[in-house]
Amino acid sequence: QVQLVESGGGSVQTGGSLRLSCAASGRAFSTYNVGWFRQAPGKEREFVIVISWSGGTAYVADSVKGRFSVSRDNGKNTVYLQMNSLKPEDTAVYYCAAHQSLRAESDGTRYDYWGQGTQVTVSS
C-alpha cells in the first residue's frame, strides 16, 4: 500500500512558477513510477508527466513540454513537479499517482494509488 499526499498548489499569475510535491508513505516507494495528472472543471482528467522508478522522465504531455519537469528524491519519498511559464489553461486540480511496472505509463487506468489533489489556479 502507498499513500500519496500532494502539496504546493496555489494561485499565480501568467508566467509564474509553482512546485508541487507528492509525498508518499508506504514501503518500496522507489520501485514505483509516479505520474502527474490534472483535471480542469468540466473536463476529463489528463496526463501531464511521469517519472519512472529509476528516475528518468518517461513521458511528457505536449501541452507542458518545455515548461514542466519532474524529479524525485527517494530518500524523502517525494516526487516534485516543477511548473514554469504557467498559463491560464494550466488551471486544474493536480493529482499524483503511482504504479509498479518496468514501463512507466501515461494511461491513468494503469495506476493503483492516487492522492487527493491540489488546486492550481493561473490568472491572466
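Residues numbered from 1 in each chain as written. Predicted model: local features only at pLDDT ≥ 70, side-chain atom pairs only at ≥ 80, totals over all residues. Heavy atoms only, no water.

Turning to the nonpolar core, a few remarks are in order. Membership of the largest hydrophobic core comes to 36 residues, with the highest contact counts inside it found for Leu4, Trp36, Met83 and Tyr94. Residue assignment for this core shows that the elements contributing at least two residues are β1 (2-7), β3 (18-26), β4 (33-39), β5 (46-51), β7 (68-73), β8 (78-83), β9 (92-99) and β11 (118-123). Tyrosine 94 has contacts with Glu6, Leu20, Trp36, Phe37, Arg38, Val48, Phe68, Leu81, Met83, Gly117, Thr118 and Val120, leaving out every residue within four places of it along the chain. (Core = buried A, V, L, I, M, F, W, Y, C linked by side-chain atoms within 4.5 Å. Buried < 20%, exposed > 50% of the residue type's maximum accessible area, 1.4 Å probe, protein only. Helix = DSSP H or I, 4+ residues; strand = E, 2+ residues; numbered from the N terminus. Contact = heavy atoms within 4.5 Å.)

Before going further, it helps to spend a moment on the pairing of β1. Side chains Val2, Leu4 and Glu6 project from β1 onto a buried face, and the interleaved Gln3, Val5 and Ser7 project onto a face without burial. As defined by bridge partners, β1 adjoins β3 across six bridges and the pair is classed as antiparallel. Directly across from glutamate 6, in β3, lies its bridge partner cysteine 22. (Pairing = 2+ DSSP bridges.)

What follows covers the state of the cysteines. In this structure the tally under the stated criterion is one disulfide. Two residues share a disulfide in this structure: cysteine 22 and cysteine 96, whose sulfurs sit 2.1 Å from each other. Here the S-S torsion is close to 70 degrees, and the disulfide linking cysteine 22 with cysteine 96 is therefore right-handed. Here cysteine 22, found in strand β3, pairs with cysteine 96, found in strand β9; they are 74 residues apart in sequence, far enough to count as distant. (Disulfide = S-S within 2.5 Å.)

Take glutamate 105: it is sitting in the loop between β9 and β10 (113-114). Within the buried set, glutamate 105 has no salt-bridge partner at all; the shortest N-O distance to an opposite charge, 4.3 Å, is to arginine 110. (Lys, Arg positive; Asp, Glu negative; His and termini not counted. Salt bridge = Lys/Arg side-chain N within 4 Å of Asp/Glu carboxyl O.)

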